[in-house]
Amino acid sequence: MADSLAQIITATWNGNGHRGHLGAGFWLPVVWIAFVILMAVTAPFWPLPPYDRIDWDHPAAAPGTRSTPLVPDAPGETGNSPNTYWLGTDTLGRDMVARVVFGARVSLLIGLVAPALGFVVGGLLGLLAGFYRGRLETVVVALMDTLLAFPALVLLLAVTMYWGARLPVLILTLALLSIPAFCRVTRAGTLSWARRDFILAARAVGASDARILFCHILPNILPSTVAYGLLVVAVVIIAEGALSFLGLSVPAPTPSWGGMIAEGKEVLAESPHISLIPAAVMFLTVLSFNLLGDCFRAMADNQIYR
């Protein structure tokens, strides 16, 4: 029996002499992803200005610009203390650090939740279709082919027209579009493992279909499916950025990395940092998920850890 995902992960820490296989190509992406997730989760607790606070005196300010303190207009009012815009401001004078950090919450939420939902639904359909075959497989494969053939952009336009460009709607739509890919991956893995000798032995001793599916087949196809899922996460993050240019992502003033890149396209020549900073953060995050997915794929395919 091939190593399960839990066995693969556990083996990386057991000091069995193979730990050296995990080099910078594994740990650097892990550190970056952990850092981005930590900043996104703890964003409200950092001493950051509101991501939608406008500073009309410093629109499109360069990184490192220090704002001037505001004098109170009337007795009893308090002025604003000077603030340093470490990454500059956008075209409306909003702090780029705050918008990048809070934008990570939207981009990561879409990038992680949508593939997770697609993995659960598509993975379950793929398991059932590959295990039971017959009419169920025919129906599932036909449904997945139909979803793959339907233009994704048309679906997104239709959904946002009726329900609006809201975060839950965007997540559910992208999750729906990711179901066929996960279904095909899990179905292919199930077809391969369902004919193994230990599966036939489990049937012979009276194991139920549910036990065979979730205790014998699923643990063996999970490593390759998780590796593929990490690549889907990267694709969905990029897709959110592309949808922002079409006005199909979360509406302003809620920040997302894609929305920030789109907002800076009009002043790219004068203030390139408005688009390039969130683009760099998105690039590093997508690259990290891709590298991490490749590492998991190598672990699963080559069975490095035993």
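Residues numbered from 1 in each chain as written. Predicted model: local features only at pLDDT ≥ 70, side-chain atom pairs only at ≥ 80, totals over all residues. Heavy atoms only, no water.

Participant: Account for the side chain of Ser256, naming residues and giving values.
Facilitator: With respect to the helices and strands, Ser256 occurs in the loop between α8 (209–245) and α9 (257–263). The exposure class assigned to Ser256 is buried, which follows from its relative accessible area of 3%. Separated by 2.8 Å, the side chains of Ser256 and Glu240 make a polar contact. Separated by 3.1 Å, the side chain of Ser256 and the backbone nitrogen of Gly259 make a polar contact. With residues near it in sequence (within four places) discarded, Ser256 still touches Gly103, Val106, Ser107, Glu240, Ser244, Ser249 and Val250. (Helix = DSSP H or I, 4+ residues; strand = E, 2+ residues; numbered from the N terminus. Buried < 20%, exposed > 50% of the residue type's maximum accessible area, 1.4 Å probe, protein only. Polar contact = N/O pair within 3.5 Å; in protein donor to acceptor, adjacent residues only side chain to side chain. Contact = heavy atoms within 4.5 Å.)

Participant: So what's going on with empty space enclosed by the protein? Which residues, and what values?
Facilitator: One pass over the structure, following the stated rule, counts one cavity of 30 Å³ or more. In this structure, the largest cavity occupies an estimated 30 Å³ of space. Around the largest cavity, the lining residues are Pro49, Pro50, Arg53, Ile54, Asp55, Tyr85, Gly93, Arg94 and Asp95. Looking at side-chain class alone, the lining of the largest cavity contains four nonpolar, one polar and four charged residues. (1 Å grid on protein atoms, 1.4 Å probe; cavity = no way out; pocket = protein on both sides within 12 Å on 5 of 7 lines; lining within 4 Å. Points joined across faces, edges and corners; volume = space filled by probe spheres on them. Nonpolar A, V, L, I, M, F, W, Y, C, P; charged D, E, K, R; others polar.)

Participant: Explain helix α2 (residues 24–41) to me, using residue names and the numbers behind them.
Facilitator: Between the first and last C-alpha of α2 there are 25 Å, a value that for 18 residues agrees with the 26 Å anticipated at 1.5 Å per step. Those residues of α2 that sit buried are Phe26, Pro29, Ile33, Val36, Met39 and Ala40. (Expected span 1.5 Å × (residues − 1).)

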